[in-house]
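Chain by chain, the residues:
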Amino acid sequence: MTAQTASLSGLDLRAEINRLRKERNAVILAHYYQRPEIQDLADYIGDSLELSRKAAATDADVIAFCGVRFMAETAKILSPDKTVILPDMDAGCSLEDSCPPDKFRAFREAHPDHIALTYINCSTEVKALSDVIVTSSSAETILAKIPPEQKIIFGPDRHLGGYLNRKFGRDMLLWPGVCIVHEAFSETELIKLKAQYPGAPVAAHPECPPHIIDHADYVGSTTGILNYARTTPAQVLIVATEPHIIHQMELAMPGKTFIGAPGADGNCNCNICPYMALNTLEKLYLALRDLTPAVHIEENLRLAAKKSLDAMLTMAAGTVGQGDLGAR
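The following refers to the structure shown. (Residues numbered from 1 in each chain as written. Predicted model: local features only at pLDDT ≥ 70, side-chain atom pairs only at ≥ 80, totals over all residues. Heavy atoms only, no water.)

**Notes on the overall build of the protein chain**
Turning to step 1, where the next piece is worked out: Helix and strand counts for the protein chain come out as 17 helices and 13 strands.
Turning to step 2, where the next piece is worked out: Here the C-alpha atoms of the protein chain give a radius of gyration of 19 Å, agreeing with the 20 Å that 2.2 N^0.38 yields for 328 residues.
Turning to step 3, where the next piece is worked out: Its C-alpha atoms put the protein chain at 55 × 50 × 35 Å along the principal axes.
Turning to step 4, where the next piece is worked out: Relative to its full complement of 328 residues, the protein chain shows a buried share of 57%.
Turning to step 5, where the next piece is worked out: Contacts spanning at least 24 positions in sequence make up 64% of the contacts within the protein chain whose residues lie at least 6 apart.
Turning to step 6, where the next piece is worked out: Looking at the protein chain as shown, the accessible area adds up to about 13200 Å², and 51% of this sits on carbon and sulfur atoms.
Turning to step 7, where the next piece is worked out: Charge-centre separation for the protein chain: the mean point of 31 positive side chains lies 3 Å from the mean point of 40 negative side chains. (Helix = DSSP H or I, 4+ residues; strand = E, 2+ residues; numbered from the N terminus. Rg over C-alpha atoms; globule rule 2.2 N^0.38 Å. Buried < 20%, exposed > 50% of the residue type's maximum accessible area, 1.4 Å probe, protein only. Contact = heavy atoms within 4.5 Å. Areas by Shrake-Rupley, 256 points an atom, 1.4 Å probe, with all protein chains shown as cover. Lys, Arg positive; Asp, Glu negative; His and termini not counted. Charge placed at Lys NZ, Arg CZ, Asp CG, Glu CD.)

As structure tokens, then:
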């Protein structure tokens, strides 16, 4: 705890955040992987891109994005006239870190006959170097619209790209990035958990490696997993994604039991995203109070990145963020 956050110990943070939300005409967005106390006070909860689109449609002057840096940058790309703040600018992403723009540019130049289909978990600079951005909910729809003879670079998540290759019989050239959260799941421990709860289906995010996907009864985005939890008749569900999503499941479906898929130590604690965890109520309060740290993107870069986002929205608008739990 810093000296600055320690000095806030006497404040009613929820009340102060609500006061500043009104004073700043701010909208608070929370990704499903945020701490429950942040989810509980957000105006909108959901997947990263759908949150940005909802914020752009509001008359808010300030967007407080409780997520990671590439999400806040996406909000700024879509809402350049709004102030976009992130409680902790160190909240990065292992997938973004795995794909430096200069190396991605060189990779593209080495394969000039390929188009770049790029997962949204990347920097603004990499978006600007891409042809079409995809999300975990839109990737299948978009890939199905691209002729099979078209050569494709897919990055930065090799597990999502590999899953799409296997499902569609494609041969996309994969960038070698991984999500450290989904990489941490243990097949051995998952098999033990399935034996402990016979008949319990497994819902997995496509960022998981193949040895986890192979045990899944459903594979989909965070919103897709939530929808599956709603519709499956099973009363117990094993969830192979960042475990904070379980908070929304328990709120929406209190009669069901949700169990986080285990890591190598047999529990799901190792699968908490360390970047998402950097955001706290204290930091959110300070960000709303001081309107910093704020996201700034040079206009030419913003417009270049927006082209790849617009291409996605044109090709798969109906699938992006479909089914998120919406406003509170």
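Still more to cover.
**What about helix H12 (residues 187–196)?**
Turning to step 1, where the next piece is worked out: All of the buried residues along H12 are Glu189, Leu190 and Leu193. Down the axis, H12 shows its buried residues gathered within 100° of arc, on one side only.
Turning to step 2, where the next piece is worked out: Considering only its buried residues, H12 is in contact with strand S9 (202–204), helix H13 (210–213), strand S11 (236–240) and strand S12 (257–260). (Arc of directions from axis to C-beta.)

**A closer look at the sheet that holds strand S5 (residues 114–119)**
In a beta sheet, neighbouring strands pair by backbone hydrogen bonds and run either parallel or antiparallel.
Turning to step 1, where the next piece is worked out: Taking strand neighbours across the sheet as the criterion, the 4 strands line up as S6-S5-S7-S8 in an open arrangement whose pairing is parallel. Strand pairing shows two members of the sheet lacking a second neighbour, strand S6 (132–134) and strand S8 (173–174), which therefore form its edges.
Turning to step 2, where the next piece is worked out: By the bridge criterion, 3 bridges tie S5 to S6 in an arrangement that is parallel. When the bridges of S6 are listed, leucine 117 appears paired with valine 132.
Turning to step 3, where the next piece is worked out: Taken strand by strand, helix H7 (residues 101–110) contacts S5, strand S7 (151–155) and S8, and its axis lies near 150° from that of S5. (Pairing = 2+ DSSP bridges. Axes fitted to C-alpha atoms, helices over the stretch in contact; angles between N-to-C directions.)

**Some remarks on empty space enclosed by the protein**
Turning to step 1, where the next piece is worked out: Applying the stated criterion to the full structure yields 1 cavity of 30 Å³ or more.
Turning to step 2, where the next piece is worked out: Of the voids in this model, the largest cavity is the one considered here, and its volume is about 330 Å³.
Turning to step 3, where the next piece is worked out: What lines the largest cavity is a set of 31 residues, among which His31, Tyr33, Met71, Asn121 and Glu207 lie closest to the centre.
Turning to step 4, where the next piece is worked out: Looking at the lining of the largest cavity, the elements with two or more residues in it are helix H4 (48–57), helix H5 (69–78), helix H6 (94–97) and helix H11 (180–183).
Turning to step 5, where the next piece is worked out: Grouping the amino acids of the lining of the largest cavity by side-chain chemistry returns 16 nonpolar, 12 polar and 3 charged. (1 Å grid on protein atoms, 1.4 Å probe; cavity = no way out; pocket = protein on both sides within 12 Å on 5 of 7 lines; lining within 4 Å. Points joined across faces, edges and corners; volume = space filled by probe spheres on them. Nonpolar A, V, L, I, M, F, W, Y, C, P; charged D, E, K, R; others polar.)

**Re unusual backbone geometry**
Trans is the prevailing form of peptide bonds, just as negative phi is the prevailing case for residues other than glycine.
Turning to step 1, where the next piece is worked out: The step from glycine 155 to proline 156 runs through a cis peptide bond, and the omega angle for that step is -5°.
Turning to step 2, where the next piece is worked out: Position of proline 156 among the secondary structure elements: in the loop between S7 and helix H10 (158–168).
Turning to step 3, where the next piece is worked out: In this model, threonine 292 is joined to proline 293 through a cis peptide bond whose omega is 5°.
Turning to step 4, where the next piece is worked out: With respect to the secondary-structure elements, proline 293 resides in the loop between helix H16 (281–290) and helix H17 (299–316).
Turning to step 5, where the next piece is worked out: Residue asparagine 25 is not a glycine yet carries a positive backbone phi of 50°.
Turning to step 6, where the next piece is worked out: With respect to the helices and strands, asparagine 25 occurs in the loop between helix H2 (13–23) and strand S1 (26–31).
Turning to step 7, where the next piece is worked out: For leucine 291, which is not glycine, the phi dihedral falls at a positive 55°.
Turning to step 8, where the next piece is worked out: Positionally, leucine 291 belongs in the loop between H16 and H17.

**Some words on the packing of H4 against H5**
Turning to step 1, where the next piece is worked out: Closest axis-to-axis distance for the H4/H5 pair is 9 Å, and the angle between their directions is 35°. The hand of the H4/H5 crossing is right-handed. Counting all contacts with H4, which are made through Ser48, Leu49, Ser52, Arg53 and Ala56, the residues of H5 involved are Phe70, Met71, Thr74, Ala75 and Leu78.
Turning to step 2, where the next piece is worked out: Considering only residue class, the contact of H4 with H5 consists of 6 nonpolar, 3 polar and 1 charged. (Left-handed = near helix turned anticlockwise from the far one by under 90°.)

**Section: the sheet that holds S12**
Turning to step 1, where the next piece is worked out: Here 4 strands make up an open sheet; going across it, the order is S10-S9-S11-S12 and the pairing parallel. Pairing within the sheet leaves two strands with one partner each, and these edge strands are strand S10 (218–219) and S12.
Turning to step 2, where the next piece is worked out: Relative to S10, S9 runs parallel, the two being bridged by 2 bridges. By the bridge assignment for S10, alanine 204 is matched with valine 219.

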